[in-house]
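Fold and contact review
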Amino acid sequence: MTIDLSKITIASARKSLDAKEFTARELTDAYLEAIRKKDGEIHAYLEVWENSARAEADAADKMIAEGKAQALTGIPLAIKDNILIEGRIASAASKILGNYHASYDSFVAEKLKAQGVVFLGRTNMDEFAHGSSTENSAYGPTKNPLDTTRVPGGSSGGSAAAVAGNMALAALGSDTGGSIRQPASHCGLVGLKPTYGAVSRNGLIAMGSSLDQIGPLTKTVSDAKVLFEAIKGHDVKDSTSLPDYSSTKGGLSTGSGRAKRIGVPRAFLKEGVDKDVLETFEATLKKLAAAGYEIHDIDMPNLPYSLAVYYIIMPAEVSTNLARFDGIRYGLSVEAPTIGEVYAKSRGQGFGPEARRRILMGTFVLSSGYADAYYRKARQVRELIRADFSSAFMRVDAVALPTSPGPAFKIGEKANDPMAMYLEDIFSVTANLSGVPGISVPAGMVDREGKKLPVGFQLLAPHKAEETLFAIGEQVEKNSA
Ligand code: GLN
């Protein structure tokens, strides 16, 4: 049978694989063929692993034949280039790690291997996950498959483009300030940033260690749930990993009952959102109200400081995390007469402009004399933002916000204006700063130059309450179907 890649989901593929309507090998071959045809233009992948993908598919078919299939057995996935798979290059789309082969499996890769998934390849991203458009990759930009003059969002833009372009059934990304949710929004996908600590960061190339989480990019909410369930869990090798918890048992702040109260921090929505994006957001809220949800205006007075706080804390952590790339221990090493020059030359040639900018910002806000004024102050305000969420969740089960202030923008439009690029993150960084889980679900289209572009609806829930996000997310999905 011919497989219509534009229609299948993890859920439907699972049924077809188990019913032997097609094999994992046929499904994998269909994706490899699609990649061969389309990825020359889109550039979602930095590397495609044809041979090992076929071998993994054959192994999955064997598992299925033996009745050992699990939820993701034989499911072809794309993996962001900052997630380690033993023996594979993981470059974080940087020149400095261009030839770095991972010496161990990340926790998530280990989990997925145990399920018998098929890894199709590693996807393009902003270098070290710094960005919102995938234009900061050292290996050239990725195009949005829905409109190739536009960016797919970032930094997990390659993962989003692979799924939206039907070149993978689902993908993993990482989200430090929005990098799963914003590309999901721009590509018409579902993107989940789990609760901080829900998914181990062991084997994720670190950006901002107090903010980073790995999560799924999928076509449906139920697929996001399946992939999240597969990768979450306690890991002794990550000291910030949470004890195991069940995301399917609610976790509502209110104790019993279905999540039904959604809070909207209206005062925060005045910040430079496109008019039609705001209208789409309001229309989604109306439909949720019609479906029985209560919509409440809530006050979260510290949210407007989120972006400023993020752009102090994140670069501080980036500058320390990138210090290990010194030309000695990992990756690119430029020969020079003194050790100081080896550092300077390797880092100078290995890092792109945005990574260098963030190292400089981070070093500055941490430097003695400025650390109190910037870094320490930002950490204090971060606590106020967390407190805003804690008090909001005493009154509501979830908080709703747009995912990003506009739809996918043109390639090149913001590339030379870091401030404009940083403003993309205004609604997404709050989840990372407070550690709460967030999801972006497609909810409507807006018109740009005669093209319809998708817009995401973002929901945030209390720590460990992913189930609330899935429940309301599925309602949003139903409403916009
Ligand atoms: N766009 C944000 C940034 O540039 C978020 C990146 C991310 O989540 N990795 O920092």
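Residues numbered from 1 in each chain as written. Predicted model: local features only at pLDDT ≥ 70, side-chain atom pairs only at ≥ 80, totals over all residues. Heavy atoms only, no water.

This brings us to the overall build of the protein. Across its full length, the protein carries 15 helices and eleven strands. The principal-axis extent of the C-alpha atoms belonging to the protein is close to 65 × 65 × 50 Å. In the protein, which comprises 481 residues, the proportion classed as buried is 59%. Across the protein, every contact between residues at least 6 apart in sequence was considered, and the portion connecting residues at least 24 apart equals 75%. Counting every atom, the protein has about 17900 Å² of accessible surface; 54% of that belongs to carbon and sulfur. In the protein, 55 positive and 56 negative side-chain charges are present, and the distance between their average locations comes to 2 Å. (Helix = DSSP H or I, 4+ residues; strand = E, 2+ residues; numbered from the N terminus. Buried < 20%, exposed > 50% of the residue type's maximum accessible area, 1.4 Å probe, protein only. Contact = heavy atoms within 4.5 Å. Areas by Shrake-Rupley, 256 points an atom, 1.4 Å probe, with all protein chains shown as cover. Lys, Arg positive; Asp, Glu negative; His and termini not counted. Charge placed at Lys NZ, Arg CZ, Asp CG, Glu CD.)

Moving on to the packing of aromatic side chains. Considering all chains together, one arrives at 13 aromatic pairs under this definition. Look at Tyr 310 and Tyr 311: their rings are 4.8 Å apart centre to centre, the planes differ by 85°, and that puts the pair in the edge-to-face class. Look at Tyr 310 and you get buried, because its relative accessible area is 3%. When the centroid spacing of 6.2 Å and the interplanar angle of 40° are considered together, the rings of Tyr 370 and Tyr 374 count as tilted. The exposure class of Tyr 374 is partly exposed, given its relative accessible area of 33%. Ring pairing ties together the aromatic residues Tyr 100, Phe 128, Phe 325, Tyr 330 and Phe 351, which thus form one cluster. Just above the ring of Phe 409 sits the side chain of Lys 414; from NZ or CZ to the centre is 4.5 Å. (Phe/Tyr/Trp six-rings, centres within 6.5 Å; stacked < 30°, edge-to-face > 60°. Lys NZ or Arg CZ within 6 Å of the ring centre and 35° of its normal.)

Moving on: helix 10 (residues 339–350). An ideal rise of 1.5 Å per residue puts 16 Å on twelve residues; helix 10 measures up with 16 Å between its terminal C-alpha atoms. Taken residue by residue, helix 10 has Val 342, Ser 346 and Gly 350 as its buried positions. Each buried residue of helix 10 sits inside an arc of 30° when the element is viewed along its axis, so together they form one side. (Expected span 1.5 Å × (residues − 1). Arc of directions from axis to C-beta.)

What follows covers the environment of Tyr 310. Within the secondary structure, Tyr 310 sits in helix 9 (residues 306–321). Measuring from C-alpha to C-alpha, the distance between Tyr 310 and Asn 432 comes to 8.7 Å, with 122 residues separating the pair along the chain. Leaving out residues up to four positions away in the same chain, Tyr 310 has contacts with Thr 176, Gly 177, Met 207, Leu 211, Pro 315, Asp 425, Val 429 and Leu 433.

This part is about unusual backbone geometry. Negative phi is the rule for most residues except glycine; trans is the rule for most peptide bonds. A cis amide bond, omega 5°, links Gly 154 with the succeeding residue Ser 155. Here Ser 155 is to be found in the loop between strand 3 (118–123) and helix 5 (157–164). Even without glycine at this site, Thr 134 takes up a positive phi of about 65°. With a relative accessible area of 0%, Thr 134 lands in the buried category. Of note in the backbone geometry, Lys 464 takes a positive phi value of approximately 70° without being a glycine. Considering the arrangement of structural elements, one finds Lys 464 in the loop between strand 11 (451–460) and helix 15 (466–480).

Taken together, 16 residues lie around the ligand, and Ser 132, Thr 176, Gly 177, Ser 179 and Tyr 310 are the ones closest in. Here a nitrogen atom of the ligand and a side-chain polar atom of Ser 155 are 3.5 Å apart. For the ligand, whose free accessible area comes to 290 Å², the fraction covered by protein is 100%. Considering each element in turn, the shell around the ligand owes the most residues, three residues, to helix 9. Residues belonging to the shell around the ligand are distributed by class as follows: five nonpolar, eight polar and three charged. (Near = heavy atom within 4 Å. Polar contact = N/O pair within 3.5 Å; in protein donor to acceptor, adjacent residues only side chain to side chain. Nonpolar A, V, L, I, M, F, W, Y, C, P; charged D, E, K, R; others polar.)

An order of 1-3-2-4-6-5-10-11-9-7-8 is seen for the eleven strands of this open sheet, with the pairing classed as mixed. The open sheet has two edge strands with one neighbour each: strand 1 (45–48) and strand 8 (294–297). Sheet twist, expressed as the mean angle between neighbouring strand axes with direction ignored, is 30°. As paired strands, strand 10 (residues 438–448) and strand 11 are joined by nine bridges and run antiparallel to one another. (Pairing = 2+ DSSP bridges. Axes fitted to C-alpha atoms, helices over the stretch in contact; angles between N-to-C directions.)

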